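Observations on the model geometry
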Amino acid sequence: MTKHVLPAMVAMLAMATSALAHSQVEDMRPADGGILQTVEAIELRFDAPMRITAITLTGPDGDMAVTRETGLDPVTAFRALPPDAMPAGAYRVDWRGLAADGHPMQGTFGFTLTD
Ligand SMILES: [Cu+2]
């Protein structure tokens, strides 16, 4: 039984530390799991500046071009534009970034476009 105490404490400490240290995603648009007819922009919000190093949009037919409005500076609000023509279907956004503390971060979310 005591064997399990230390790993649990380490895990709790790690969670507390990362919660303080990392820039965290606060919000994303479209919402994860959202069902929409159109998408005007892909937006990410962070509680501390994040340098987004890569963002990809995968649609029902594969990779799609994304136009960054936000450059490579660390930001709390990132914005990119999807292509004009987006077929109905399932989409996934994958991003990578560097948090304010220098740690690499990544995230994924998805949405569905209807006709
Ligand atoms: Cu960190």
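Position labels on residues start from 1 in each chain and follow its written sequence. Given that this is a predicted model, residues contribute local features only at a pLDDT of at least 70 and side-chain atom pairs are listed and counted only at 80 or more, while totals for whole chains, interfaces and linings are drawn from all residues. For the side-chain quantities, the full set of heavy atoms in the structure was used; hydrogens and water were omitted.

**Here we look at the nonpolar core**
Applicable threshold: Take the buried Ala, Val, Leu, Ile, Met, Phe, Trp, Tyr and Cys residues and link them wherever side-chain atoms come within 4.5 Å; each set so joined is a nonpolar core. To sort residues, take the accessible area from a 1.4 Å probe on protein chains only and compare it with the maximum for the residue type: under 20% means buried, over 50% means exposed, and anything in between is partly exposed. Counting from the N terminus, the helices are DSSP H or I runs at least four residues long and the strands are E runs at least two residues long. In this analysis, two residues are considered to be in contact whenever any of their non-hydrogen atoms come within 4.5 Å of each other.
In this structure, Ile-52, Leu-57, Trp-95 and Phe-111 are the most contacted members of the largest nonpolar core, which totals 21 residues. For this core, the secondary-structure elements that each account for two or more residues are β3 (42-59), β6 (75-81), β7 (89-98) and β8 (104-113). If one sorts the elements of this core by residue count, β3 sits on top with seven residues. Once you skip the residues sitting within four places of it in the chain, Leu-57 turns out to touch Ile-42, Gly-62, Asp-63, Met-64, Val-66, Pro-82, Pro-83, Met-86, Tyr-91, Arg-92, Val-93 and Phe-111.

**A short note on the confidence of the model for the chain**
Going by this rule: The pLDDT value expresses, per residue, how confident the predictor is, ranging between 0 and 100.
Chain-level pLDDT for the chain is 88 on average; 82% of the residues reach the 70-or-more range. Highest mean pLDDT in the chain belongs to strand β5 (residues 67-68) (98); lowest belongs to helix α1 (residues 5-21) (54).

**Topic: the environment of Met-50**
Following the sequence through the fold, Met-50 ends up in strand β3. For the pair Met-50 and Pro-104, spaced 54 residues apart in the sequence, the C-alpha separation amounts to 9.6 Å. For Met-50, the residues in contact, after removing those within four places along its chain, are Ser-23, Asp-73, Pro-74, Val-75, Trp-95, Gly-97, Leu-98, Ala-99 and Met-105.

**Quick notes on the pattern of salt bridges**
To be explicit about the condition: We define a salt bridge as a contact between a side-chain nitrogen of Lys or Arg and a carboxyl oxygen of Asp or Glu at a distance within 4 Å.
Going through the model one piece at a time under the given rule, you end up with four salt bridges. When the shortest N-O distance is used, the salt bridge between Arg-29 and Asp-27 registers 3.5 Å. What makes Arg-29 partly exposed here is its relative accessible area of 44%. The exposure class of Asp-27 is partly exposed, given its relative accessible area of 31%. Note that Glu-69 is salt-bridged to Arg-79, the shortest N-O span being 2.6 Å. Here the residue Glu-69 occupies a position in the loop between β5 and β6, and Arg-79 occupies one in strand β6, the gap between them amounting to ten residues. Because the salt bridges share partners, they merge into one network encompassing Glu-43, Glu-69 and Arg-79.

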